[in-house]
Amino acid sequence: METASSLASDASTSAKILVRDLTVRYGSTLALDRVSLDIGERRVTALIGPSGCGKSTFLRCLNRMNDHIRGVRIEGRVLIDGVSIHDPTVDPVELRRRVGMVFQKSNPFPKSIFDNVAFGPRVHGVRDRVALCEIVERSLRQAALWDEIKDRLDRSALDLSGGQQQRLCIARALAVEPDVLLMDEPASALDPIATAKIEELIHELKTQYTIVIVTHNMQQAARVSDETAYFYLGRLIEVGPTEQIFTNPGRQETEDYVTGRFG
């Protein structure tokens, strides 16, 4: 991997994240093939494509969650704010604080609602109870959950509904003040009402955060994203403004997918 100093020429772009020639192999399996993509700051970028096309692999590359998978080989460049995330000076733990992740299946800890949200700040050294209370309230408000659960913060997070648990996981990610929020099909296991709340939340959060979302739901991608990137067989086929991708794509493969003729 190249160092930050050798990538200075790329830093002039307005993109929050720059990906260049990203190639990922799991053993002999090619998962991503020379993917290059700019991700705009405080924008929502949707990654679409059939199962197994590399969307989630790409997402996990952005905070180095693939690093510890046995047999993985990663080539190419990923820069955030002009700095390579593979630079030797970059601490992966600090990177994952700055680039938070919300998974497909909500995964609250078997702790109280309060302790779920306070977990990250405590790991990063916050011990003062007043400060923790402020962080928990702020994060739950950002996740549009505070008014629903403010009177039962000491209750188990596992008592919440599925939609509430997913918003709690978003609050947990926000509590450590990230710059980027990665979402891997965050609403795929939720009912339509809970899904609508997550989508509304994404609209509100993009005023403060850069968001990258993987979704199989074409309508959801059209509703929530500013840019859409279509992946197929590990390659980035096309990327552009979401309205253009869904109404006037430049590639036939993209049109076939978004219109349902393929995939």
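Placed above this text is the structure.
Since we're looking at a predicted model, the values are computed, not measured.

Draft legend 1. Structural view of the sheet that holds strand E6 (residues 99-102). Spatially, E6-E7-E8-E3-E9-E10 is the arrangement adopted by the 6 strands of the open sheet, whose pairing is mixed. The open sheet has two edge strands with one neighbour each: E6 and strand E10 (235-241). Neighbour-to-neighbour, the strand axes of this sheet turn through a mean angle of 15 degrees, independent of strand direction. Where strand E7 (residues 180-184) and strand E8 (residues 210-214) come together, 5 bridges link them in parallel fashion. Its bridge partner being in E8, leucine 182 is matched across the sheet by valine 212. Each of strand E3 (44-48), E7 and E8 touches helix H7 (residues 192-205); the most contacted strand, E8, lies at about 150 degrees to it.

Draft legend 2. Region of interest: H7. Taking 1.5 Å per residue, 14 residues should reach 20 Å; H7 reaches 20 Å between its end C-alpha atoms and fits that length. Taken residue by residue, H7 has Ala194, Thr195, Ile198, Glu199, Leu201, Ile202 and Leu205 as its buried positions. Along H7, the residues classed as buried sweep out an arc of 160 degrees about the axis, all on the same side. Of the exposed residues in H7, those oriented more than 90 degrees away from the buried face are Pro192 and Ile193. Each element contacted by the buried residues of H7 is listed here: E3, helix H4 (129-142), helix H6 (162-174), E7, E8 and helix H8 (218-224). Its side-chain oxygen placed 3.0 Å from the backbone nitrogen of isoleucine 193, aspartate 191 serves as the N-cap of H7.

Draft legend 3. Examining the pattern of salt bridges more closely. This model, assessed by the stated rule, comprises 19 salt bridges. Of the charged contacts in the structure, one is a salt bridge between aspartate 67 and arginine 64, with a shortest N-O distance of 2.7 Å. Judged by relative accessible area, arginine 64 falls into the buried class, the value being 14%. Here aspartate 179 and arginine 98 are joined by a salt bridge, their closest N and O atoms 3.0 Å apart. Of this pair, aspartate 179 sits in the loop between H6 and E7 while arginine 98 sits in helix H2 (residues 92-98), and the two are 81 residues apart along the sequence. Three or more residues joined by partner-sharing salt bridges are found here, namely Lys16, Asp81, Arg98 and Asp179.

Draft legend 4. Here's a closer look at the pairing of strand E9 (residues 227-232). Here E9 lies mainly inside the structure; 5 of its 6 residues are buried. Strand direction decides the pairing type here: E9 and E10, joined by 6 bridges, are antiparallel. Its bridge partner lying in E10, tyrosine 232 is registered against arginine 235. Where E9 folds back onto E10 in an antiparallel hairpin, the turn is made up of 2 residues, including leucine 233, whose phi is positive at roughly 50 degrees.

Draft legend 5. Structural context of the environment of valine 83. Mapped onto the fold, valine 83 is located in strand E5 (residues 83-84). Along the primary structure valine 83 and isoleucine 17 are separated by 66 residues, whereas in three dimensions their C-alpha atoms are 9.3 Å apart.

Draft legend 6. View of the sheet that holds strand E4 (residues 72-80). Pairing within the open sheet is antiparallel, and its 4 strands lie in the order E2-E1-E4-E5. The open sheet terminates on both sides in strands that have one partner only, identified here as strand E2 (29-40) and E5. Note: E4 against E5, 2 bridges, orientation antiparallel. Paired with isoleucine 80 across the two strands is valine 83, which belongs to E5.

Draft legend 7. Region of the structure containing the pairing of E7. Counting buried residues along E7, 5 of its 5 residues qualify, which places the element largely inside the surrounding structure. Side chains Val180, Leu182 and Asp184 project from E7 onto one buried face, and the interleaved Leu181 and Met183 project onto a second face that is buried too. Across 4 bridges, the pairing between E6 and E7 is parallel. Paired with valine 102 across the bridge in E7 is methionine 183. A crossover connection joins E7 to the parallel E8 through H7; in handedness this β-α-β unit is right-handed.

Draft legend 8. Just the nonpolar core, in detail. Leu140, Ile170 and Leu181 are the most contacted members of the largest nonpolar core, which has 45 residues in total. Look past the residues within four positions of isoleucine 170 in its chain and what remains in contact with it is Val102, Ala143, Leu181, Met183, Ile198, Leu201 and Leu205. Within the second largest apolar cluster, 29 residues are counted, among which are Val24, Ala31, Ile85 and Phe231.

Each value, and the rule that gives it
Residues numbered from 1 in each chain as written. Predicted model: local features only at pLDDT ≥ 70, side-chain atom pairs only at ≥ 80, totals over all residues. Heavy atoms only, no water. Pairing = 2+ DSSP bridges. Helix = DSSP H or I, 4+ residues; strand = E, 2+ residues; numbered from the N terminus. Axes fitted to C-alpha atoms, helices over the stretch in contact; angles between N-to-C directions. Contact = heavy atoms within 4.5 Å. Expected span 1.5 Å × (residues − 1). Buried < 20%, exposed > 50% of the residue type's maximum accessible area, 1.4 Å probe, protein only. Arc of directions from axis to C-beta. Polar contact = N/O pair within 3.5 Å; in protein donor to acceptor, adjacent residues only side chain to side chain. Salt bridge = Lys/Arg side-chain N within 4 Å of Asp/Glu carboxyl O. Right-handed = clockwise from strand over helix to strand, strands pointing away. Core = buried A, V, L, I, M, F, W, Y, C linked by side-chain atoms within 4.5 Å.

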